[in-house]
Amino acid sequence: MATEAAGAADAGRAPRLPPRWLQAPPLLTVEMQTGGEPLRVIPRLEAAEAAVASSGLSLLALRRHVAATQDHVRRALVHEPRGHRGMYGALVVRGEAAVGDADLAALFLHGAGYSAMCGHAVLALGRFALDYGLVAAPRRPETAVRLRCPCGVVTAFVPWDGRRSGNPVRFHSVPAFAAATDVPIDVPGHGKVVVDIGYGGTFYAFLSAEQLGLDVCSSKTRDLVSAASAVTEAVKKQFPLHHPESEDLAFLYGTILTDGKDAFSEEPTTNICVFADEQVDRCPTGSGVTARIALQYHKGLIQLNQSRTFRSSTTGSLFTGKAVKATKFGDYNAVVVEVSGEAFYTGTATFTMEEEDPLKYGFFFK
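Cut-offs and rules
Residues numbered from 1 in each chain as written. Predicted model: local features only at pLDDT ≥ 70, side-chain atom pairs only at ≥ 80, totals over all residues. Heavy atoms only, no water. Helix = DSSP H or I, 4+ residues; strand = E, 2+ residues; numbered from the N terminus. Rg over C-alpha atoms; globule rule 2.2 N^0.38 Å. Buried < 20%, exposed > 50% of the residue type's maximum accessible area, 1.4 Å probe, protein only. Contact = heavy atoms within 4.5 Å. Core = buried A, V, L, I, M, F, W, Y, C linked by side-chain atoms within 4.5 Å. Domains from an automatic or database assignment. Buried area = accessible area lost by both parts, 1.4 Å probe. Salt bridge = Lys/Arg side-chain N within 4 Å of Asp/Glu carboxyl O. Nonpolar A, V, L, I, M, F, W, Y, C, P; charged D, E, K, R; others polar. Polar contact = N/O pair within 3.5 Å; in protein donor to acceptor, adjacent residues only side chain to side chain. Pairing = 2+ DSSP bridges.

(A) Inspection of the overall build of the protein at higher detail. Helices and strands together make up the secondary structure of the protein, namely eight helices and 18 strands. In summary, the protein has a C-alpha radius of gyration of 22 Å against a globular reference of 21 Å for 366 residues, a match within 12%. Here the C-alpha coordinates of the protein stretch approximately 80 × 45 × 40 Å along the principal axes. Burial analysis of the protein (366 residues in total) assigns 53% to the buried set. Partitioning the contacts of the protein with sequence separation of at least 6, the portion at a separation of at least 24 is 65%.

What follows is the structure, encoded as structure tokens:
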């Protein structure tokens, strides 16, 4: 009788997920968000770790290798139907060749490819590293988590109560610098504008939305995105970039339109970041805050340890930033910048792909 009851109960249950007959193993992710910007964390990818183990690839070299051989993973998880136009991801990488003297390494994934640095991801990954046991001996009340990014090692400082991580999280950047200031650029459809170009782990062009006849707080997002994208393309054509250590990092990631309030103030300054292929950041942009602080320090608008607050025009979320140390980076006078924000878990996911699905690796709808 008990056996019959158990059989009836089993018959009424939903089938086990994922289905046993799937040819490809499921992809497991941890879902997070920082200031509204999503982060789909891939805790490990065996193919990437095998490449590190067999070939001793550096993280920059692994970035190229993954783009060439494993890009279907990025497309499957970032593009529709599993992702969306604003989705962002981080692939956690283990193995001494990639990690070195850090606690973990990460590659950053977006709709158009791979970034060199991502501040909102670093804030989230700091918590992830503690909660998933990637730091050998976390300390109370705050643990330093060293994270190797393609641009270099950054350190996140994460609250830790002995059981779980907390907020706010802050990180110290790679050396950030003003690559160029007051650069005249001819933007088709908008005429001549003047931009600053800053580096905060990746390069951004900065200008006030007012130069484009827009308001970063009240103009339609579509108009801001179109204008920022036009600036990005114009800067790429008219101003060559140079990175002191690697030409792999000498690319313009996007354009950040601001409210023009660059001088030090206790009041927040608002911006919108448009990066990659017209992707819009939902948060104030950690690497963008880093680069903008470096520009403000270079121009004498702020001093060391003067904290500023940055607001996203898309969600209203806030980051703070300050220059904490002057340094040199190649021929550039640079600063280490501290950025602070809040990151939260939103779930976990198991993604599957059926071999006969023609859209199994996603699609990009624009």
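(B) Spatial organisation of the nonpolar core. Ranked by size, the top nonpolar core spans 91 residues in total, and within it L39, F108, V122, L125 and V195 carry the most contacts. Looking at which domains feed residues into this core, each of domain 1 (27–168 + 345–350) and domain 2 (174–340) gives three or more. Counting residues in hydrophobic clusters, the runner-up holds 28 residues, among them V52, L57, V99 and Y114.

(C) Highlighting the domain arrangement of the protein. Domain annotation for the protein reports domain 1 (27–168 + 345–350) and domain 2 (174–340). Look at where the C-alpha atoms of domain 1 and domain 2 centre, and you get two points 23 Å apart. Every contact between the two is made by 26 residues of domain 1 and, on the other side, 26 residues of domain 2. Buried surface at the junction of domain 1 and domain 2, summed over both partners, amounts to about 1900 Å²; 57% is from carbon and sulfur atoms. Counting every contact that joins domain 1 to domain 2 gives one salt bridge. Here R64 makes a salt bridge to D248, at a shortest N to O gap of 2.1 Å. For the side of domain 1 that touches domain 2, the secondary-structure elements that each account for two or more residues are α3 (59–69), α6 (119–131) and β7 (152–159). Looking at side-chain class alone, the side of domain 1 that touches domain 2 contains 12 nonpolar, 10 polar and four charged residues.

(D) Local environment of the environment of E338. For E338, the location among the structural elements is in strand β17 (residues 332–341). In sequence terms E338 and R292 are 46 residues apart; their C-alpha atoms lie 12 Å from each other. Discounting residues that sit within four places of it in the chain, E338 has contacts with R170, F171, H172, T320, G321, K322 and V324. Among the polar contacts made by the side chain of E338, one reaches the side chain of H172 at a distance of 2.8 Å.

(E) A look at the pattern of salt bridges. A complete count under the given rule lists 14 salt bridges for this structure. Note that K299 is salt-bridged to D196, the shortest N-O span being 2.5 Å. Taken together, the residues K299 in the loop between α8 (286–298) and β15 (308–312) and D196 in strand β10 (residues 191–199) connect sequence positions 103 residues apart. The exposure class of K299 is partly exposed, given its relative accessible area of 35%. Given a relative accessible area of 10%, D196 falls into the buried group. Of the charged contacts in the structure, one is a salt bridge between E278 and R222, with a shortest N-O distance of 3.1 Å.

(F) Local environment of the pairing of β7. The element β7 is extensively covered by neighbouring structure, given that seven of its eight residues are classed as buried. The pairing of strand β6 (residues 142–149) with β7 spans eight bridges and is antiparallel. Each bridged residue has a counterpart across the sheet, and for V145 the counterpart in β7 is A156. The antiparallel pairing of β6 with β7 creates a hairpin that spans two residues between the two strands. Two strands pair when backbone bridges link them, and β7 and strand β8 (residues 169–172) are joined in this way by three bridges, in the antiparallel orientation. Paired with T155 across the bridge in β8 is H172.

(G) Examining the side chain of E49 more closely. Examined against the element boundaries, E49 turns out to sit in helix α2 (residues 46–55). Those residues in contact with E49, other than ones at most four positions away along the chain, are R44 and R94.

(H) Summary view of the side chain of S312. Of note, S312 is situated in strand β15. One polar contact links the side chain of S312 to the main-chain amide nitrogen of T315, over a distance of 3.4 Å. Those residues in contact with S312 that sit more than four places away from it in its chain are T270, N271, D281, R282, C283, P284 and S317.

(I) Quick peek at the environment of G286. As for its placement among the helices and strands, G286 is situated in helix α8. Filtering out sequence-adjacent residues up to four positions away, G286 remains in contact with G119, H120, F171, F319 and V339.

(J) A look at unusual backbone geometry. In this structure, P81 follows E80 across a cis peptide bond, with omega equal to 5 degrees. Mapping P81 onto the fold places it in the loop between α4 (71–78) and β3 (89–93). The step from N167 to P168 runs through a cis peptide bond, and the omega angle for that step is -5 degrees. Structurally, P168 is set in the loop between β7 and β8. A positive phi is found at A276, a non-glycine position, where the angle reads about 50 degrees. Tracing the chain through its elements places A276 in the loop between β13 (269–275) and β14 (279–280).

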